[in-house]
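So the chains spell out like this:
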Amino acid sequence: MTFSIDKDYLTKLTQELVQINSTNPSLSPENKGEAEIGAYVAEKLKELDLEVTTSEIAPDRVNTVGVLKGSGGGKSLLLNAHLDTVGVEGMTINPFGGDLRNGRVYGRGAQDMKGSLAAMIAAVKAILDAGITLRGDLLITAVADEEHSSIGTEALVNEFKANAAIVTEPTDMHLCRAHRGFIWFEVETIGRAAHGSRYKEGIDANMRMGRFLAELEKLGQELLQREPHELAGPPSLHAAMIQGGTEISKYAAHCKLTIERRTVPGETVESATAELQGIIDRLEAQDSTFKAMVKATFWREPFEVKSDAEIVQIMDKNLDERLGYHPEHIGATFWTDAALISDAGAETVLLGPKGYGLHSAEEWVEMESVIDLAHVLAETAIKYCG
Ligand SMILES: [Zn+2]
């Protein structure tokens, strides 16, 4: 079956998406949110006769989903992009210009990830223009808040399910099959408050945290020495924030430390908590006045899909045909919404366009790779949905 990507449509769509401010208000209150861009995307999906749902997850925060219903009997595929962008402070170009120069579209979110969203929509259009009927459903999902706490994809996976998913975060057209997760921990050492002169009564919680930190640093070094995950690298941690004591002439009764632990596929909240508890247990065994507690306060799971998964095999082949070389399989050290979609039961991969300047002063996306992406997405939908 042959189809072609409408390049003018795709380029114009990328530019218009960049021209709509959708900075994430959870990052900074003056930022605008996704309501306007969500409505724009809904309109574009309606023009293609998709079944469109716009859900408001919080004030000015929306998900827009368009479903191309299959004729029945095929597998469903979900394409995912976030609508929000980071802020525009310090940018040296017009963040909402959407200018096209030398085959690049410039502006905040051009690569992360409005070019991708445009490619998803252009892929559906190509399928429809060619008169191709899919058996399985194809879902175009544009979500809020990936750049902060992913309330968009969290809500999305409760409502929409699919057999496989492609998250189109920028990967420079490599196929990303794994990334790390993270856990936020709070560790508290407990001392005993006393006037600074009363050395027999006071127990210094800050000094005890010092002991814990010395051991934590050793654990941090040990993590980096472990056999790294083949794609996502080694696990790591850092002691992010610390606070202890209330005034200078007083023994500190409490000291609180927050730790961010980055996890690799295979690690769990339980296993990472046990490592920290192990340090506390050892320190307690050395000194009966040492008291501390650890708790995990928030976490996001790592993500991995195997190389023999059907969606990976199909995309490998399509990328090979489109780009003329076998795509590199990569991992990422950071977390993405792919983990939430994968946990909800969809075989998930990440593939996105080439560009420059994520979260920085100048951002652009290379339109040729956006066109390649649209092509590969359409081809994959045709093969996977049947
Ligand atoms: Zn992104």
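Everything here concerns the structure above.
Keep in mind it's a predicted model, so treat the numbers as computed, not measured.

### Regarding the coordination of the zinc ion
Turning to step 1, where the next piece is worked out: Around the zinc ion, the donor atoms from the protein are His82 (NE2), Asp112 (OD), Glu169 (OE) and Glu169 (OE), and they sit 1.9 to 2.8 Å away.
Turning to step 2, where the next piece is worked out: Relative to the metal, the four donor atoms surrounding the zinc ion lie at angles of 51 to 145°, and the coordination shape comes out irregular.
Turning to step 3, where the next piece is worked out: One chain supplies every donor for the zinc ion, spaced along it as H-x29-D-x56-E. Here histidine 82, found in strand β3 (residues 77-82), pairs with aspartate 112, found in helix α3 (residues 110-129); they are 30 residues apart in sequence, far enough to count as distant.

### What about the sheet that holds strand β5 (residues 104-106)?
Turning to step 1, where the next piece is worked out: Spatially, four strands are ordered β4-β5-β17-β16 in an open sheet, and the strand pairing comes out antiparallel. Strands at the two margins of the open sheet, each flanked by one partner only, are β4 (100-101) and β16 (355-356).
Turning to step 2, where the next piece is worked out: Across two bridges, the pairing between β4 and β5 is antiparallel. Looking at the pairing, leucine 100 lines up with valine 105 of β5.
Turning to step 3, where the next piece is worked out: Together, β5, β16 and β17 (364-366) form the strand contacts of α3, whose direction differs from that of β17 by roughly 45°.
Turning to step 4, where the next piece is worked out: Along the sheet, helix α9 (residues 367-385) contacts β4, β5 and β17; its crossing angle with β17, the most-contacted strand, is approximately 60°.

### Considering the sheet that holds strand β11 (residues 254-263)
Sheet strands associate in pairs through backbone hydrogen bonding, adopting either a parallel or an antiparallel arrangement.
Turning to step 1, where the next piece is worked out: If you trace the four strands from one edge of the open sheet to the other, you get β10-β11-β9-β12, paired in antiparallel fashion. Lying at the two open borders of the sheet, with one neighbouring strand each, are β10 (236-244) and β12 (292-300). On average, adjacent strands in this sheet sit at an angle of 20° to one another, irrespective of strand direction.
Turning to step 2, where the next piece is worked out: In this fold helix α5 (residues 205-225) packs onto β9 (181-190), β10 and β11, with an angle of close to 10° to the strand it touches most, β11.
Turning to step 3, where the next piece is worked out: Helix α6 (residues 269-286) rests against β9, β11 and β12 of the sheet, and its axis sits at about 165° to β12.

### Considerations on unusual backbone geometry
Turning to step 1, where the next piece is worked out: With an omega of 0°, the peptide bond running from aspartate 112 to methionine 113 counts as cis.
Turning to step 2, where the next piece is worked out: Topologically, methionine 113 is positioned in helix α3.
Turning to step 3, where the next piece is worked out: In the Ramachandran plot, aspartate 145 falls in the positive-phi region, its phi being about 65° despite a non-glycine side chain.
Turning to step 4, where the next piece is worked out: Within the fold, aspartate 145 resides in the loop between β6 (138-143) and α4 (151-159).
Turning to step 5, where the next piece is worked out: With a relative accessible area of 0%, aspartate 145 lands in the buried category.
Turning to step 6, where the next piece is worked out: Of note, the phi angle at methionine 173 is positive, near 65°, even though the residue is not glycine.

Cut-offs used in this document
- Numbering of residues starts from 1 in every chain and runs along the sequence as written.
- Local features in a predicted model are, by the rule used here, given only for residues with pLDDT of at least 70; side-chain atom pairs are given and counted only at 80 or more, and totals for whole chains, interfaces and linings are based on all residues.
- The basis for the side-chain values is all heavy atoms of the structure; hydrogens and waters are excluded.
- Here a donor is an N, O or S atom found within 2.8 Å of the metal, or within 3.2 Å if the metal is Na, K or Ca; sites may look incomplete because water is not among the atoms.
- For a four-donor site, all angles between 85 and 135 degrees give tetrahedral; for four or six donors, opposite pairs above 155 degrees with the remaining angles between 65 and 115 give square planar or octahedral; all remaining cases count as irregular.
- Put simply, DSSP marks the helices as runs of H or I at least four residues long and the strands as runs of E at least two long, and each gets a number from the N terminus on.
- One bridge is not enough; two strands pair if DSSP finds at least two bridges between them.
- Throughout, a residue-residue contact means that at least one pair of heavy atoms, one from each residue, lies within 4.5 Å.
- For every element, the axis is a line fit to its C-alpha atoms; helices are fit only across the contacting stretch, and the angle between N-to-C directions ranges from 0 to 180 degrees.
- Between buried and exposed lies partly exposed: a residue is buried under 20% and exposed over 50% of the maximum accessible area for its type, with that area taken using a 1.4 Å probe on protein chains only.

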